[in-house]
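Each chain is listed here by its residues.
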Amino acid sequence: MNLNVLCNNEEQLYSAVSNDSVNGIILEADIFSKSDIDRCHAAGKKAGIALPYIYRNSTAVDVTGYDEVYVRSLDELECYKNQKLVSDYGVYCMNSVAADVLKENGISRITVPVEMNCHELAGLGVHDKELIVYGHIPMMVSAQCVHRNTDKCDRKPGITWIKDRTGKLLPVENKCAYCYNLIYNPDPVSLAGVFDKVLRLNPDSVRINLTIENRKETERIIAVFSRAIRGESVDDPCDDFTRGHFLRGVE
């Protein structure tokens, strides 16, 4: 079982490159440069690139040199069809028919939807697929910029915090390169405490999605899931987390 890590800042990349348990690193297209491919390869790791959630004609990305290209929309599936493609969780594959269609259209590995529970995943079969086991999942992708509406458009990527009706603070990332926002769930999905069920599913790879984590948090998260893959009993790497739909299915 391979361990892949999606990185969203330099501290996360440093930690992922330095950890021998990590097999592949996925770089957000608007954050990193081509020189980071060499950093991954020098550490003996595959280098993937994660394309934008919203694809416009003006957002074409040079994917030369990357080992894998993670597509997040059907538009990208068509535009990058000559690359080694991995579908992200939002390119929905809820059954074997959808899986066959994606593979027929050039997808080499499928990331299963976060809306499926462990029983549904077992029915689908994930031995050749990727499963997200940690990460703040976007609740909304919006072209309405929270940063611009609350302050001004300064074209500086960063995190804005908003409070929901329960009082929780939600991180909002402004993706200035593509002019949209990602509003994240304040509690990350974590399957560390139920990793025995993940091992029974036996996915081809599991993925850690990093967003706002610093270096210390990143190192702890990777260490926890590295041990879990080896079959050790572990606790979740944070106090506030959710299992997502993994134990309950779609509501």
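Presented here is a report on the structure given in the accompanying data block. Computed from a prediction, not measured in an experiment: that's the story for all the values here.

Among the secondary structure elements, D20 is positioned in the loop between α1 (10-18) and β2 (24-28). Considering only alpha carbons, one finds D20 and Y66, 46 residues apart in sequence, at a separation of 20 Å.

Interaxial distance between α1 and helix α8 (residues 215-229) falls to 8 Å at its minimum, and their mutual angle equals 35 degrees. Like other packed secondary-structure pairs, α1 and α8 cross with a definite hand, here right-handed. Only R215, T218, E219 and I222 of α8 make contact with α1, whose side of the interface consists of E11, Q12, Y14, S15 and A16. For the contact of α1 with α8, the class distribution of residues is three nonpolar, three polar and three charged.

With that out of the way, let us pick up unusual backbone geometry. For residues besides glycine, phi is generally negative; the peptide bonds are generally trans as well. Here C179, not a glycine, exhibits a phi torsion of approximately 60 degrees, which is positive. Along the chain, C179 turns up in the loop between β10 (169-175) and β11 (180-184). You will see that N202, though not glycine, has its phi angle at about 55 degrees, which is positive.

A few words now on the nonpolar core. Residues I25, V133, I208 and F225 are the most contacted members of the largest nonpolar core, which totals 65 residues. In terms of nonpolar packing, the next biggest core, distinct from the first, is built from five residues, L6, I26, A50 and Y70 among them.

Bringing the environment of E28 into the picture now. Mapped onto the elements of the fold, E28 is located in strand β2. Each C-alpha atom, one on E28 and one on Y55, is 14 Å from the other, the two residues being 27 residues apart in sequence. Leave out the neighbours within four places in its chain, and E28 touches L6, C7, N8, A50, R72 and K175. Looking at E28, its side chain comes within polar contact range of the side chain of R72, at 3.0 Å.

Attention now moves to α8. Along its 15 residues, α8 runs 21 Å from first to last C-alpha, staying within 8% of the 21 Å computed at 1.5 Å per residue. The set of residues buried in α8 consists of T218, I221, I222, V224, F225, S226 and A228. The opening residue of α8, the one whose side-chain oxygen lies 3.2 Å from the backbone nitrogen of K216, is N214. Positive backbone phi, approximately 95 degrees, marks G231, located one or two places after α8.

What follows deals with a nonpolar patch on the surface. A cluster of nonpolar residues, I159, W161, L169 and I212, forms a patch on the protein surface that exposes about 360 Å² of accessible area. With respect to the helices, strands and loops of the structure, I159 is situated in strand β9 (residues 158-163).

What follows covers the pairing of strand β6 (residues 107-111). Of all five residues making up β6, four are buried, and the element is well covered by its neighbours. Direction of pairing for strand β5 (residues 85-87) relative to β6: parallel, over a ladder of three bridges. Bridge pairing in β6 links V86 to R109. Read from β5 through helix α4 (residues 96-104) to β6, the crossover connection turns out right-handed.

Once that is clear, we can look at the pattern of salt bridges. When the charged atoms of two side chains with opposite charge come close together, those side chains can pair. For the coordinates displayed, the defined rule picks out 20 salt bridges. The salt bridge involving K168 is made with D187; its shortest N-O contact spans 2.4 Å. A residue pair is termed long-range when its members are at least 10 positions apart, and K168 in the loop between β9 and β10 and D187 in the loop between β11 and β12 (189-190) qualify at 19 residues. Here K168 falls in the partly exposed class, since its relative accessible area comes to 34%. The class of D187 is buried, set by a relative accessible area of 17%. A salt bridge links K175 to E173, with the shortest nitrogen-to-oxygen separation between them at 3.4 Å. The pair K175 / E173 is uniform in exposure class, with both members buried.

Thresholds applied
- Residues numbered from 1 in each chain as written.
- Predicted model: local features only at pLDDT ≥ 70, side-chain atom pairs only at ≥ 80, totals over all residues.
- Heavy atoms only, no water.
- Helix = DSSP H or I, 4+ residues; strand = E, 2+ residues; numbered from the N terminus.
- Axes fitted to C-alpha atoms, helices over the stretch in contact; angles between N-to-C directions.
- Left-handed = near helix turned anticlockwise from the far one by under 90°.
- Contact = heavy atoms within 4.5 Å.
- Nonpolar A, V, L, I, M, F, W, Y, C, P; charged D, E, K, R; others polar.
- Core = buried A, V, L, I, M, F, W, Y, C linked by side-chain atoms within 4.5 Å.
- Buried < 20%, exposed > 50% of the residue type's maximum accessible area, 1.4 Å probe, protein only.
- Polar contact = N/O pair within 3.5 Å; in protein donor to acceptor, adjacent residues only side chain to side chain.
- Expected span 1.5 Å × (residues − 1).
- Patch = residues over 30% accessible without salt bridge, like charges linked within 9 Å, V, L, I, M, F, W, Y side chains within 5 Å.
- Areas by Shrake-Rupley, 256 points an atom, 1.4 Å probe, with all protein chains shown as cover.
- Salt bridge = Lys/Arg side-chain N within 4 Å of Asp/Glu carboxyl O.
- Pairing = 2+ DSSP bridges.
- Right-handed = clockwise from strand over helix to strand, strands pointing away.

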